Amino acid sequence: MDVRIEQSWKNALAGEFEKPYFASLVRFLHNEKASGKTIYPPGSQIFRAFELTPLNDVKVVILGQDPYHGPGQAHGLSFSVPGTMPAPPSLKNIFKEIETDLGVSMSGYPDLEKWARQGVLLLNAILTVRSGEAASHSRIGWEEFTDAVIRCISNSCEGVVFMLWGNFARGKNVLVDRSRHCVLEAAHPSPLARGAFFGCRHFSQANSYLLAHGKTPIEWQL
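Rules used throughout
- Residues numbered from 1 in each chain as written.
- Predicted model: local features only at pLDDT ≥ 70, side-chain atom pairs only at ≥ 80, totals over all residues.
- Heavy atoms only, no water.
- Helix = DSSP H or I, 4+ residues; strand = E, 2+ residues; numbered from the N terminus.
- Rg over C-alpha atoms; globule rule 2.2 N^0.38 Å.
- Buried < 20%, exposed > 50% of the residue type's maximum accessible area, 1.4 Å probe, protein only.
- Contact = heavy atoms within 4.5 Å.
- Areas by Shrake-Rupley, 256 points an atom, 1.4 Å probe, with all protein chains shown as cover.
- Phe/Tyr/Trp six-rings, centres within 6.5 Å; stacked < 30°, edge-to-face > 60°.
- Disulfide = S-S within 2.5 Å.

Colleague: Teacher, can you tell me more about the overall build of the protein chain here?
Modeller: Assigned secondary structure in the protein chain consists of nine helices and six strands. In terms of overall size, the protein chain behaves like a compact globule, its C-alpha atoms giving a radius of gyration of 17 Å where 222 residues would be expected to give roughly 17 Å. Along the longest, intermediate and shortest principal axes, the C-alpha atoms of the protein chain span 50 × 35 × 25 Å. For the protein chain, buried positions account for 55% of its 222 residues. Considering only contacts in the protein chain between residues 6 or more positions apart, those separated by 24 or more positions represent 69%. Of the roughly 9700 Å² of accessible surface on the protein chain, 49% is carried by carbon and sulfur atoms.

As structure tokens, then:
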């Protein structure tokens with residue numbers, strides 16, 4: 001597996017890469033490819049969130065579950081797809097909430113790299129998926145790795161906003177030290193949540209928290 005990861009993350013997570021579960025995870029992915037399975041995102045993009053958002057720059061964490069499993073969608077950032085793709089339903093709902101919350105107009109451009117470069121870690125709890133099979137790479141070790149990532153941010157950083165949407169993400173709140181960070185919880189933006197996500201106002205709350213802690217707010221408008 002091509003572990004392209006920015007140096008601050010490499011240093012902080014060096015111990016995880018040496019653990020037996022990570023070696024097992026790598027073997028699993030090699031076996032998947034050897035058996036002809038198509039894996040998303042491409043190998044060079046599995047750790048893209050870590051490339052674009054160094055550990056010391058993390059201001060906000062938006063936690064997804066696993067990558068999109070359709071062709072050309074997943075590119076290593078939670079909820080994001082390349083600019084050539086249409087925005088998926090959950091992302092459309094995120095944009096609607098931003099428009100209502102902040103009073104801005106979103107272009108609908110679905111690549112969230114601009115957020116990542118401002119310090120928004122767009123982290124999926126599971127970093128790979130088999131084509132056409134949602135959650136097919138759950139319980140192979142990724143959750144252990146990304147739980148370590150969340151704990152690392154909680155212990156190493158100050159004043160980070162964690163946006164946890166849906167029951168899966170909200171279950172990770174136990175990994176975050178609330179005395180040092182802000183945890184915002186809401187329903188998932190998926191249409192399956194029947195609009196329960198709307199009105200959470202997480203984007204204005206995040207910026208208010210960042211400003212109160214002497215940090216530059218995120219420019220959410222795309």
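Following the structure, the description resumes.
Colleague: What exactly am I supposed to notice about the packing of aromatic side chains here?
Modeller: Between two aromatic rings, the relevant description is the distance of the centres plus the angle of the planes. Per the counting criterion, the structure on display carries 18 aromatic pairs. Ring geometry for F22 against F145: centres 5.5 Å apart, planes inclined by 55°, an arrangement best described as tilted. Highlighted residues: F22 in helix α3 (residues 20-34) and F145 in helix α7 (residues 142-156), separated in sequence by 123 residues. Using a relative accessible area of 4% as the deciding quantity, one classes F22 as buried. With a relative accessible area of 0%, F145 lands in the buried category. Counting every residue linked through ring pairs, the aromatic cluster contains W9, F17, Y21, F22, F47, F50, W142 and F145.

Colleague: How should the state of the cysteines be read in this particular structure?
Modeller: Here a disulfide denotes one covalent bond, and it connects the sulfur atoms of two cysteines. The full count for this structure, using the stated rule, is zero disulfides. A disulfide-free cysteine, C182 has its sulfur positioned 12 Å from the sulfur of C200, the nearest such atom.

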